[in-house]
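# Structural overview for review
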Amino acid sequence: MRRGRWVAVLAAGVLVGGAVAGPAQAADPLEYVALGDSSAAGPLILPQIDLACLRSSANYPHVAAKALGARLTDVTCSGAVIPDFTGKQFGFVPPQFRSLSASTDVVTVAIGGNDTGLVAAALSCINLLPPPAGTSCKSRFTAGGVDQLAARITATAPAFGQALAQIRQLAPNAKILVTGYGTYVRPNGCWPTVPVWGVDANYLQATIDRLNQMLAQQSAAHGAQYVDLRTPSVGHDACAPIGTRWLEGLVPSSVAAPLHPSAQGMAAFGKIVAGAAR
């Protein structure tokens, strides 16, 4: 009887071992939805796959999706503001939140720059002549002791927090990653390469940092993970030499929109986002 028992045990072991050693079932790919504005869409970066939204297949969502082996639904759109998550952008682009569902595994969110008017503000800071032959945009935006851009960021915070809460409702099983904005210009700038006075360059980057801080605070308050793109892009700003530049200046050195990530920047940001998603 004892010998028969050992034979049975060995036979069971062979069967179990065979089951373990057999080919593993391939896991379903992650369902990844990318939401946001031009900082994620990649305007003008080739190849463009949506001319209405100026969306590139070389943007960071595509780079991250490839690294993750994920199935991507990219609805990022240049010019997007928070209301475009639930409403039609340009009157015909479907609301971005339509892409979310209970099967969504990962969501990236890049928004806020247009809601706070930062791009328009940066363009208004151009001074082709050195000081004092012009007007400081910092002086203009902080006239009367009130920082207009800081006030806009504060006013945008509740709407952004509500958007994160809606994403959680629509995609209850997803990991939500909020990507910040990068280092666009180094301390004191690099006039005339980027024709913005040093005082204004410092003000603009400080304002971007303030926006990033708001995004990080709201992410923490609503169960999302903030992904810092500011720190890794130090040294890769618009003042950096061609070849090391991740963010373009007012006159791009590559096929990309002014004041936006280049293809090289998108590749770097995509790796960072993929790492956070894992």
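Everything here concerns the structure above.
A short tour of the structure in this document, coming up. Worth saying up front: this structure is predicted, and the values here are computed from it rather than measured. (Residues numbered from 1 in each chain as written. Predicted model: local features only at pLDDT ≥ 70, side-chain atom pairs only at ≥ 80, totals over all residues. Heavy atoms only, no water.)

## Focus on the packing of helix α3 (residues 60–68) against helix α8 (residues 263–277)
- Relative orientation of the contacting elements α3 and α8 amounts to 50°, with a least axis distance of 7 Å. Taken together, the axes of α3 and α8 are oblique relative to one another. The element α3 and its partner α8 pack so that their crossing is right-handed. Between α3, through Y60, V63, A64, A67 and L68, and α8, the contact on the second element is made entirely by M266, A267, F269, G270, K271, V273, A274 and A277. (Axes fitted to C-alpha atoms, helices over the stretch in contact; angles between N-to-C directions. Helix = DSSP H or I, 4+ residues; strand = E, 2+ residues; numbered from the N terminus. Parallel < 35°, antiparallel > 145°, perpendicular 65-115°, else oblique. Left-handed = near helix turned anticlockwise from the far one by under 90°. Contact = heavy atoms within 4.5 Å.)

## Remarks on empty space enclosed by the protein
- With the rule as written, the count across this model stands at 2 cavities of 30 Å³ or more.
- What the largest cavity holds in volume is close to 350 Å³.
- As for the largest cavity, its lining consists of 22 residues, of which L118, A122, Y184, I208 and L259 are closest to the centre.
- Going through the elements one at a time, α2 (38–41), α4 (118–123) and α7 (198–221) are the ones with two or more residues in the lining of the largest cavity.
- When residues in the lining of the largest cavity are grouped by element, the largest group, 4 residues, is from α7. (1 Å grid on protein atoms, 1.4 Å probe; cavity = no way out; pocket = protein on both sides within 12 Å on 5 of 7 lines; lining within 4 Å. Points joined across faces, edges and corners; volume = space filled by probe spheres on them.)

## Considering the sheet that holds strand β6 (residues 175–179)
- Overall, parallel pairing links the 5 strands, which are arranged β4-β1-β5-β6-β7 in an open sheet. Edge positions in the sheet fall to β4 (71–74) and β7 (225–227), since each has one partner strand and no second. Going from strand to strand, the sheet's axes swing by 20° on average, the running direction of each strand aside.
- Where β6 lies against β7, 3 bridges are found, and the strand directions are parallel. Directly across from T179, in β7, lies its bridge partner V227.
- On the sheet, α7 packs against β6 and β7 and is oriented at approximately 155° with respect to β7. (Pairing = 2+ DSSP bridges.)

Taken by themselves, the reported measurements are silent on function.
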